[in-house]
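Residue-level structure breakdown
Letter by letter, the chains look like this.
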Amino acid sequence: MRVLLALVLSALPLAARAVLPEQIPVLAKTGPNAPFEKLNYQLRPAKKPWRICVVLPNVMDSYWWTVSYALWLAEKELKVDLTIEDAGGYTHLDAQKLALKRCKTNGAQAALVASISQSGLSAEINELLGAGIRVFDLINGLKHSRISGRSATDFKTILATLVGEVNARERTPKRKTRLAFFPGPKGAQWVEQSLLGLNETLAKDAFELKVTDYGATEVVAQAEIAENFFRLNAADVVLGNAVAVEFIANKYQQKLRAIYSTYLTEAIIQYIQNGRVKAAVTEFPMFQTLLAVDLAVRDLEGERKYFELSTIPQIVTKDYLATDPPWLMHPKSFRYYLKRKFTNPAR
């Protein structure tokens, strides 16, 4: 039923947005140990409809709907044939393993993996690589020495960008600011990298940091973590994953001086506009997804120059949103798009 619903929603009129960005500002490097160079990257359509499977953690919030929309757009504009599956949440590693196995049985030529666990899919990735299927890290971070490429912005850099904003805005002269950080799911590389960025950038002389429990980025899990935390602790500023921030902005905003989100969702944008959330940071997941598809296509066509492409993080404030920036989120008429079979299956 969920797949049918996704297909119905994806069929809503979106033609006004179904064009590719002319150029995407990125940091690019030619190999895992090469230095980054800054450039404007241009996407191009595939020469044939390559079969690319995509495995996502979930489609529970509008962050992954935005990724899903970019995949829908990639099929239309980059001329590829995709399968798109979600695992159902960050606690369902076994479901993601099964989805990777289906990449092989369905005849995929490349796989884009937004991993639940940074190292928990090694056996399945080895199986894909052994079958000649290229594997690319999509957004979340994979620890594997043999992947074919990466389209992901280091969450250490993303958090450092946001924490720099917090350092500048939330210092007080009389005492340390009490900062509560809500990280997200344990074991996910983006969470571990976020903690590194936080710890390395936060002004320790001005802030007292409390890191809350880990938990899946699902409403029930994050609500429980938030309620447990505020039952025993006080905070001046909250910094956290979007699911936690959405809950906290609704229930605890009056007790806080400021709230910041580590990524964007549709609700976070609304809360920034109405003042409940002061700012967020985005790595433009729509761009990151299109770049991943482009990397896979160029690799399959023997024309890939870069191993890794990273977008440049942007602080999102009320003033920034007033400029009506494109490519932040999926269109409002869109929810998510899943597809279990290739349009042109392998023969």
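It should be noted that the structure appears before, not after, this text.
This write-up is about the structure you can find in this document. (Residues numbered from 1 in each chain as written. Predicted model: local features only at pLDDT ≥ 70, side-chain atom pairs only at ≥ 80, totals over all residues. Heavy atoms only, no water.)

1. Section: the overall build of the chain
What counts is decided by this rule: Only DSSP runs of H or I reaching four residues or more are called helices, and only runs of E reaching two or more are called strands; each is numbered from the N terminus. Atoms counted for the radius of gyration: C-alpha only. Globule rule: 2.2 Å times residue count to the power 0.38. Exposure classes here rest on a 1.4 Å probe applied to the protein chains alone. A residue is buried below 20% of its type maximum, exposed above 50%, and partly exposed in between. Throughout, a residue-residue contact means that at least one pair of heavy atoms, one from each residue, lies within 4.5 Å.
Summing up its helical and strand segments, the chain has 11 helices and 14 strands in all. Relative to its length of 347 residues, the chain is compact, with a C-alpha radius of gyration of 20 Å against a globular reference of 20 Å. By its C-alpha atoms, the chain is 70 × 45 × 40 Å across when sized along the principal axes. The buried share of the chain, reckoned over its 347 residues, is 61%. Considering only contacts in the chain between residues 6 or more positions apart, those separated by 24 or more positions represent 73%.

2. With respect to the layout of surface pockets
What counts here: A 1.4 Å probe that fits but cannot get out identifies a cavity on a 1 Å grid over protein atoms alone, an open set with protein on both sides within 12 Å along at least five of seven lines counts as a pocket, and a residue lines either if it has an atom within 4 Å of a point. Grid points are joined across faces, edges and corners, and a volume is the space filled by probe spheres set on the points. All amino acids are sorted into three groups, where Ala, Val, Leu, Ile, Met, Phe, Trp, Tyr, Cys and Pro are nonpolar, Asp, Glu, Lys and Arg are charged, and the leftover types, Gly among them, are polar.
In this structure, the largest pocket spans a volume of roughly 350 Å³. Ile-269, Asp-324, Leu-328, Met-329 and Lys-332 are the residues nearest the centre of the largest pocket, which is lined by 15 residues in total. The computed volume of the second largest pocket comes to approximately 260 Å³. Among the elements that line the lining of the second largest pocket, the one with the most residues is helix α6 (residues 189-201), at 3 residues. Considered class by class, the residues forming the lining of the second largest pocket number 7 nonpolar, 5 polar and 5 charged.

3. A closer look at the pattern of salt bridges
Condition: We define a salt bridge as a contact between a side-chain nitrogen of Lys or Arg and a carboxyl oxygen of Asp or Glu at a distance within 4 Å.
For the structure shown, the criterion picks out 23 salt bridges. As a salt-bridge pair, Arg-171 and Asp-205 come within 4.0 Å of each other at their nearest N and O atoms. One end of the pair, Arg-171, is in the loop between α5 (155-169) and β8 (177-182); the other, Asp-205, is in the loop between α6 and β9 (207-211), and 34 residues separate them in sequence. We classify Arg-171 as partly exposed; its relative accessible area is 43%. Here Arg-178 and Asp-236 are joined by a salt bridge, their closest N and O atoms 2.9 Å apart. Taken together, the residues Arg-178 in strand β8 and Asp-236 in the loop between α7 (219-232) and β10 (237-240) connect sequence positions 58 residues apart.

4. A look at unusual backbone geometry
Its identity as a non-glycine residue notwithstanding, Phe-284 has a phi of 55°, on the positive side. Taking the relative accessible area as the measure of exposure, Phe-284 reaches 11% and is therefore buried. The backbone of Asp-324 shows a phi angle near 55°, a positive value even though the residue is not glycine. Positionally, Asp-324 belongs in the segment after α11 (318-321). In this structure Asp-324 comes out as exposed when scored by relative accessible area, which is 63%.

5. Some words on the packing of helix α3 (residues 93-105) against helix α4 (residues 122-130)
Quick reminder of the rule: For helices, the fitted line uses only the C-alpha atoms of the stretch in contact; every axis is such a line through C-alpha atoms, and the angle between N-to-C directions lies from 0 to 180 degrees. Oblique is the label for any angle not under 35 degrees, not over 145, and not in the 65 to 115 range, which are roughly parallel, roughly antiparallel and roughly perpendicular in turn.
Relative to each other, α3 and α4 sit at 5°, their axes nearing to 10 Å. Judged by the inter-axis angle, α3 sits roughly parallel to α4. Of the residues in α4, those touching α3 at Lys-97, Leu-100, Lys-101, Cys-103 and Lys-104 are Glu-124, Glu-127 and Leu-128. Here the contact of α3 with α4 is built from residues that sort into 3 nonpolar, no polar and 5 charged.

6. Concerning the nonpolar core
Among soluble globular proteins, nonpolar side chains are generally buried collectively. Put simply, the rule reads: In this text, buried Ala, Val, Leu, Ile, Met, Phe, Trp, Tyr and Cys residues form a nonpolar core when linked through side-chain atoms within 4.5 Å.
Ile-52, Leu-56, Phe-182 and Ile-248 are the most contacted members of the largest nonpolar core, which totals 110 residues. With sequence-adjacent residues up to four places away left out, Ile-52 is seen in contact with Val-80, Asp-81, Leu-82, Thr-83, Ala-110, Leu-112, Val-293, Ala-296, Val-297 and Phe-342. Judged by nonpolar contacts, the second largest core, of 18 residues, contains Leu-100, Ala-108, Leu-128 and Leu-142.

7. Let's talk about the state of the cysteines
Selection criterion: When two cysteine sulfur atoms lie within 2.5 Å, the pair is treated as a disulfide.
Enumeration according to the criterion identifies 1 disulfide in this entry. There is a disulfide in this structure between Cys-53 and Cys-103, and the S-S distance comes to 2.0 Å. Judged by the torsion about the S-S bond (105°), the Cys-53/Cys-103 disulfide is right-handed. One end of the pair, Cys-53, is in strand β3 (residues 51-56); the other, Cys-103, is in helix α3, with 50 residues separating them in the sequence. Accessibility expressed as a relative area gives 3% for Cys-103, which makes it buried.

8. What to know about the side chain of Thr-265
How we decide: Definition of a polar contact: a pair of N or O atoms within 3.5 Å, with one able to donate and the other able to accept a hydrogen when the atoms are protein atoms, and with sequence-neighbouring residues admitted only if both atoms are side-chain atoms.
Structurally, the position occupied by Thr-265 is in the loop between β11 (258-261) and α9 (266-274). Here Glu-246 takes part through its side chain, which lies 2.6 Å from a polar atom of the side chain of Thr-265. Excluding its chain neighbours within four sequence positions, the residues that come into contact with Thr-265 are Asp-61, Ser-62, Tyr-63, Ala-242, Glu-246 and Met-329.

9. Looking at empty space enclosed by the protein
The method is simple in principle: a probe with the dimensions of a water molecule rolls over the atoms, and the space it marks as empty is what remains. This structure, assessed with the given rule, holds 2 cavities of 30 Å³ or more. Asp-61, Tyr-63, Trp-64, Tyr-90, Ile-139, Asn-140, Phe-155, Trp-190, Thr-217 and Tyr-263 together form the lining of the largest cavity. Of the residues contributing to the lining of the largest cavity, the split by class is 7 nonpolar, 2 polar and 1 charged. Taken as a whole, the second largest cavity spans an internal volume of roughly 30 Å³. Lining the second largest cavity, in full, are Cys-53, Val-54, Val-55, Thr-83, Glu-85, Ala-99, Arg-102, Cys-103 and Asn-106.

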